[in-house]
Amino acid sequence: MPIPVIDFSKLNGEERAATMAQIANGCEEWGFFQLVNHGVPVDLLDRVKKVSSECYKMEREEEFFKNSTPVNRLNELVHKKTGDKLEGIDWEDVFLISDDYEWPQETPGFKETMMAYRAELKKLVEKVMEVMDENLGIPKGYIKKVFNGGDGDKAFFGTKVSHYPPCPHPEMVTGLRAHTDAGGIILLFQDDEVDGLEILKDGKWIDVQPIPNSIVINTGDQIEVLSNGRYKSVWHRVNAKSNGTRRSIASFYNPSYNATIAPAIELIEKENEKVNQIGYPKFVFGDYMSIYTEQKFLPKEPRFEAVRAV
Ligand SMILES: O=C(O)CCC(=O)C(=O)O
Ligand SMILES: [Fe+2]
């Protein structure tokens, strides 16, 4: 069964109620869904694909194969012939961009294109958050306000550009180890052709099928807490592949480090009166991230307990 594909343009017409319901189902039952007709111009998406691939080819690929930890460690293990798998490492090339990071220097048009792309995605995530507010029955603008620690623009919006190069031994290493995302809402622009992303649904790993120009949405641990468990963050991983380089560009809308995260009061009253004793904790996001950094590839429940104790 493929993950839900939702036509976001229908939110503005006669099919609004049905579309809202599809998104609610995507959030509650799947934690992952794909948006088509999301309003981000296709010619911009085409340019994003072009500059990202060019940047990888010009500035990163050679270094990955010549001198990166995953390549060196895999070579060592292959020579040892122990039959072991490579642990504790991902077969990926990755770099982060945000408005104030250093940008790749050599790829023509990279910065301009990615700035324009990030501006579009920020508009999209704001719409998605409002849909979630409405579906959850919390005040319009609630998620945004919490993530910004009140009014203003303090939430973190970052973009991670990843490439998963072809791997000579995909059975020995993962592209990206299984995890749930720490933050808020993630918008993923994945490769048109090379697949590899899977989510854990009802105990089975299922593909996030590539659909050209769609944007995959998923929710992180903070939305799970804020929604009092109604929107659970879902385990996902990327398999290494022997053919083709998979490109994926993930943009994260996360709380500011000093934002306080807790279940929304409306949802506590409706769903679990005793939440303060047994339910989700209340904490400052920066404290959560200190724990997450150490425990990203482990289950989230001990993270919630650890941050409750801070
Ligand atoms: O590359 C992907 O498709 C997924 C990336 C991801 O899960 C992450 O960055 O947290
Ligand atoms: Fe992730």
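Small disclaimer: the values here were computed from a predicted structure and weren't measured.

Student: So what about the overall build of the protein? Which residues, and what values?
Tutor: A count of helical and extended segments in the protein gives 11 helices and 13 strands. For the protein, the C-alpha radius of gyration of 20 Å lies close to 19 Å, the compact-globule estimate for 310 residues. With respect to the principal axes defined by its C-alpha atoms, the protein has extents near 60 × 45 × 40 Å. Here the protein, with 310 residues, has 37% of them falling under the buried criterion. For the protein, long-range pairs separated by at least 24 residues make up 79% of all intrachain contacts whose partners lie at least 6 apart in sequence.

Student: Residues and numbers for the sheet that holds strand β5 (residues 174-179), please.
Tutor: Spatial strand order, β5-β10-β7-β8: four strands in an open sheet with antiparallel pairing. Edge positions in the sheet fall to β5 and β8 (204-207), since each of these pairs with one other strand and no more. The average angle at which neighbouring strand axes cross in this sheet is 30°, direction not considered. Pairing analysis gives three bridges linking β5 to strand β10 (residues 236-239), with the strands arranged antiparallel. Across the sheet, Thr174 pairs through a bridge with Asn239, a residue of β10.

Student: Would you mind going over the pairing of strand β7 (residues 197-201) in detail, with residue names and values included?
Tutor: Pairing of β7 with β10 involves three bridges; the strand directions are antiparallel. The partner of Leu197 across the bridge, within β10, is Val238. Linkage of β7 to β8, two consecutive antiparallel strands, is achieved through a turn of two residues, within which Asp202 is found at a positive phi near 50°.

Student: Run through the site of ligand 1, naming residues and quoting values.
Tutor: Neighbouring ligand 1 are Lys160, Ser162, Leu176, Asp181, Leu188, Gln190, Leu197, His236, Val238, Ser248 and Ala250. Taken together, the elements giving at least two residues each to the shell around ligand 1 come down to β4 (156-164), β6 (185-190), β10 and β11 (246-254). Classifying every residue of the shell around ligand 1 gives five nonpolar, four polar and two charged.

Student: Lay out helix α4 (residues 69-80) in plain terms, naming residues and giving numbers.
Tutor: Each α-helix winds once per 3.6 residues, and so residues spaced three or four apart point in a common direction. Here α4 is 12 residues long and its end C-alpha atoms lie 17 Å apart, about the 16 Å a rise of 1.5 Å per residue gives. Of all the 12 residues making up α4, one are buried; the element is thus mostly uncovered. Within two residues after α4, Lys81 carries a phi angle of roughly 50°, on the positive side.

Student: Could you give an account of the sheet that holds β11, with specific residues and numbers?
Tutor: A sheet is described by the order of its strands in space; here seven strands give the open sequence β1-β2-β9-β6-β11-β4-β3, paired in mixed fashion. At either margin of the open sheet sits one strand with a lone partner, and together these are β1 (5-7) and β3 (93-97). Neighbour-to-neighbour, the strand axes of this sheet turn through a mean angle of 25°, independent of strand direction. Pairing analysis gives five bridges linking β3 to β4, with the strands arranged antiparallel. Its bridge partner being in β4, Asp93 is matched across the sheet by His163. Against the sheet, helix α1 (residues 16-30) contacts β1, β2 (32-36) and β9 (215-219), and its axis sits at roughly 155° relative to β1. On top of the sheet, helix α5 (residues 110-136) reaches β3, β4, β6, β9 and β11; it is set at about 130° to β6, its chief contact.

Conventions adopted
- Residues numbered from 1 in each chain as written.
- Chains lettered and ligands numbered in written order.
- Predicted model: local features only at pLDDT ≥ 70, side-chain atom pairs only at ≥ 80, totals over all residues.
- Helix = DSSP H or I, 4+ residues; strand = E, 2+ residues; numbered from the N terminus.
- Rg over C-alpha atoms; globule rule 2.2 N^0.38 Å.
- Buried ≥ 20, exposed ≤ 12 C-beta atoms within 10 Å, placed from the backbone.
- Contact = placed C-beta atoms within 7 Å.
- Pairing = 2+ DSSP bridges.
- Axes fitted to C-alpha atoms, helices over the stretch in contact; angles between N-to-C directions.
- Near = placed C-beta within 6 Å.
- Nonpolar A, V, L, I, M, F, W, Y, C, P; charged D, E, K, R; others polar.
- Expected span 1.5 Å × (residues − 1).

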